[in-house]
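What follows is each chain in one-letter form.
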Amino acid sequence: MWQMADAAKDLASGTVGGAAQIIVGHPFDTIKVKLQSQPAPTPGRPPRYAGAFDAVRQTVAAEGPKGLYKGMGAPLATVAALNAVLFTVRGQMEGLLRSDLGVPLTISQQFVCGSGAGFAVSFLACPTELVKCRLQAHGALACASTTSSVVAAVKYGGPMDVARHVLRSEGGARGLFKGLFPTFAREIPGNATMFATYEAFKRFLAGGSDTSSLGQGSLIMAGGVAGASFWGIVYPADVVKSVLQVDDYKNPKYRGSMDAFRKILKAEGVKGLYKGFGPAMGRSVFANAACFLAYEKTRSSLG
């Protein structure tokens, strides 16, 4: 009974934290995807976007401020499921690894809990992000090409329209899981590092393993540092995931994750694997600061 009640509290707290994360972070994510999915420029021609600020300027000029929130419906609609899985699996694994009730886990045990949560959440994150990336990237793709993939991209009327199109024309349910391998490569080590860093930084600020007295400012700082640690090691996997998920189904440019990795590296060098890194890092710091603060405060209020 205790474990079920604890899981319900993690579910509710994770949902609130996830909503805060998306609201704060989605504009950063939109710019990240636009930079990641723009094709490499032809010789002698500049890229579609000169950088993050240019992408913001062009997006707002073409679509207004609401363009920065394009595609938010998919992750917002699934925020309960995504964060319920992430925080509940982490919480249940903490219960399994904890030697006695109330005894804090070691940082290495937090790393293991984060890994398990990352594995579980990948199965929901992959289809959700495929829908989101299609909606976020369509403007850049439409301006960069005139192939049939662009026609498919610009005709999307919203998240459900993207899902229907994929199910009908891109291999059924399997099409929604395009990019699952790089999603694993992002979520498992990323969440392991993030949760371990979060707990380690809280203990550093508290001067010990009892972090219950930390104030909002400390929680925001710990969440921001944890968010930054997530992207520090897994960003190339996210670039590969994004280009695979917006690739043309009928005439694909990439045969798979490793092929995408090699082609990006060959065409653009290492910097091609870090396109959009600035907005991603900005999003991760602010969004995860909001997420962890909302999670901690909600969890504390529930007892």
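Structural notes, computed from the coordinates. The structure presented is a predicted model; accordingly, all values stated were derived computationally and were not measured.

Rules behind the numbers
Residues numbered from 1 in each chain as written. Predicted model: local features only at pLDDT ≥ 70, side-chain atom pairs only at ≥ 80, totals over all residues. Heavy atoms only, no water. Disulfide = S-S within 2.5 Å. Buried < 20%, exposed > 50% of the residue type's maximum accessible area, 1.4 Å probe, protein only. Axes fitted to C-alpha atoms, helices over the stretch in contact; angles between N-to-C directions. Helix = DSSP H or I, 4+ residues; strand = E, 2+ residues; numbered from the N terminus. Parallel < 35°, antiparallel > 145°, perpendicular 65-115°, else oblique. Contact = heavy atoms within 4.5 Å. Nonpolar A, V, L, I, M, F, W, Y, C, P; charged D, E, K, R; others polar. Phe/Tyr/Trp six-rings, centres within 6.5 Å; stacked < 30°, edge-to-face > 60°.

Describing the state of the cysteines
Throughout the structure, instances matching the rule amount to zero disulfides. This cysteine, Cys-126, is not joined by any disulfide, and Cys-133 carries the nearest cysteine sulfur, 9.6 Å off. Among the residues examined, Cys-126 registers a relative accessible area of 0% and is labelled buried. As a non-bridged cysteine, Cys-291 has Cys-113 as the owner of its nearest cysteine sulfur, 17 Å distant.

What about the packing of helix 10 (residues 216-245) against helix 11 (residues 257-268)?
Running from N to C, helix 10 and helix 11 cross one another at 105°; their axes reach a closest spacing of 9 Å. If you check the angle between helix 10 and helix 11, you find them roughly perpendicular. Each of Val-239, Val-240, Val-243 and Leu-244 in helix 10 lies in contact with helix 11, whose residues at this interface are Ser-257, Ala-260, Phe-261 and Ile-264. Class assignment for the residues of the contact of helix 10 with helix 11 results in seven nonpolar, one polar and no charged.

Section: the packing of aromatic side chains
Aromatic ring pairs: the centre-centre distance and the angle between the two ring planes describe each pair. Scanning the model with the defined rule gives 15 aromatic pairs in all. Judged by centre distance (5.3 Å) and plane angle (10°), the rings of Phe-119 and Phe-184 are stacked. A residue pair is termed long-range when its members are at least 10 positions apart, and Phe-119 in helix 5 (residues 107-144) and Phe-184 in helix 9 (residues 180-206) qualify at 65 residues. In this structure Phe-184 comes out as buried when scored by relative accessible area, which is 19%. Seen from their ring centres, Trp-231 and Tyr-235 are 5.5 Å apart, and the 70° between their planes marks the pair as edge-to-face. One end of the pair, Trp-231, and the other, Tyr-235, are both in helix 10, four residues apart, so they sit about a helical turn from each other. Ring pairing ties together the aromatic residues Phe-87, Phe-195, Tyr-198, Phe-292 and Tyr-295, which thus form one cluster.

Geometric values such as these leave the question of function open.
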